Amino acid sequence: MASTEIQTQSDSWSLNLASAGSARPPPKTQENACFTKGRYEAVQLSVTDYRTLREQGFVKIEGLIPEDDIRDISAHMNRVLEGSETAPGFPTIDLSMSEAERVVRFSRIHNAHRVHAMHERFLLHPRILNVIEQLNGPDVLALQSMTFFKQPGQPGQGYHQDSYYIPTLPNTLIAAWVAISEATEENGCLWFRVGSQVEPLYPQTENEFTYESRSLEDVFDNNTASEDDPKINQLAAIADRYPEVACPAKPGDVIFFHGNILHRSHANCSKIPRRAFAGHYCDARSFVPWNTNNRWEGMEQGKGANQYHVLARGDSHLQFATPSFGTPCAALEERRPRVVGGQIDMPMAGDGKMDMGPVQVARQ
Ligand SMILES: O=C(O)CCC(=O)C(=O)O
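Residues numbered from 1 in each chain as written. Predicted model: local features only at pLDDT ≥ 70, side-chain atom pairs only at ≥ 80, totals over all residues.

### Focus: the site of the ligand
- The immediate surroundings of the ligand are formed by Met146, Phe148, Gly156, Gln157, Asp162, Ala175, Trp177, Gly188, His263, Ser265, Ala276 and Ala278.
- Mapped by element, the contributors of at least two residues to the shell around the ligand are β5 (140-148), β7 (174-179), β11 (263-265) and β12 (276-283).
- Considered class by class, the residues forming the shell around the ligand number 6 nonpolar, 5 polar and 1 charged. (Near = placed C-beta within 6 Å. Helix = DSSP H or I, 4+ residues; strand = E, 2+ residues; numbered from the N terminus. Nonpolar A, V, L, I, M, F, W, Y, C, P; charged D, E, K, R; others polar.)

The following block contains the structure:
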């Protein structure tokens, strides 16, 4: 396994696929039941991986998903295209359609983890969750799944920030993008503006849930996110502050990226499909006013929608859902209360006693 770092080479930026696989130390934590009972070994990330996500806005972990799993989801996608497998909400296939007609009906499927076990299995994949625990904290809420068919000729997606679509308060959104087939520049891999995750969210008009950035004077209402044409997409001018890199990936590689990073993908200009699975997650302690674009009870009263999202790892003081198909995850495990309230003494100057009296604020 290897992670991706960006290196500056004079004026240009390039990807350095440093192979860190054999250098990785054995995992420190093997506690999770999914690893000890199952066939997946835990993955140990390094401080460099953690920093790479924060500095670049994304980090690629090569070979994270085993070949067998990639083969399974790929075979499932073939069956869906043939019309021999379907689920509620999947595009309907009329078997009298030509293969070409069927193929164009499928570009991506949203949130199929709620209706199909394969998509739930990928959203709650132990390897992905293990990495997210290390990058984003131990309490993981699984929010969204997207399965991309991206057939030859199908379009990409213009500049956008994923947190624009999925608000989490505080904003702890992180994406895991799994290459199911090889993703290249020709067939429409992801492109990132390196470092742009430091940008605030440019919110949609009327979107009250993005108030964290609304107070900044030059944050504008953004109603052109994902628009392919950079002349129309208002985020293109922001994106131009940062260098852009392509992030090609091999089947089984997973790209983890920050919810605010500006990224896009281009059309598939090759003759082969570019398949991928994307999962979105947040810290399970964040308030989530989002339910896959569906309304929910209490929405008008300002209630969150955490109860619709599966607790994948750890715990939460907020509500959560259990998985529809029984994929092992924290929501199905007995709660193991974490010890709270432990205090670490802060070293003090002088005699070590802190004056806890009222604070005097000098007025000028
Ligand atoms: O896979 C793609 O082409 C676009 C995916 C993307 O931008 C996303 O998952 O946020």
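### Topic: the nonpolar core
- Formed by 71 residues in total, the largest nonpolar core has its most connected members in Leu141, Val178, Val254, Phe256 and Ala312.
- Considering every element that reaches this core, the biggest residue donor is β7, with 6 residues.
- Not counting residues up to four positions away in its chain, the partners in contact with alanine 312 are Leu124, Leu129, Val140, Leu141, Ala142, Tyr281, Cys329 and Ala330. (Core = buried A, V, L, I, M, F, W, Y, C linked by C-beta atoms within 7 Å. Buried ≥ 20, exposed ≤ 12 C-beta atoms within 10 Å, placed from the backbone. Contact = placed C-beta atoms within 7 Å.)

### Some details on the sheet that holds strand β8 (residues 190-193)
- What the 4 strands build is an open sheet, ordered β6-β11-β8-β9; its pairing is antiparallel. A strand with exactly one partner marks an edge of an open sheet, and here the two such strands are β6 (157-160) and β9 (244-247). Taking each pair of neighbouring strands and ignoring which way they run, the sheet shows an average axis angle of 20°. (Pairing = 2+ DSSP bridges. Axes fitted to C-alpha atoms, helices over the stretch in contact; angles between N-to-C directions.)

### Observations regarding helix α2 (residues 47-56)
- Every buried residue belonging to α2 is among Asp49, Thr52, Leu53 and Gln56, and all of these are buried. Each buried residue of α2 lies within a common arc of 100° when the element is viewed along its axis, so the set occupies one face. Set apart from the buried face of α2 by more than 90 degrees, the exposed residues are Val47 and Arg51. (Arc of directions from axis to C-beta.)

### Digging into helix α6 (residues 126-136)
- With 11 of its 11 residues buried, α6 lies for the most part within the structure.
- Listed in full, the buried residues belonging to α6 are Pro126, Arg127, Ile128, Leu129, Asn130, Val131, Ile132, Glu133, Gln134, Leu135 and Asn136.
- Positive backbone phi, at 105°, marks glycine 137, one or two positions downstream of α6.

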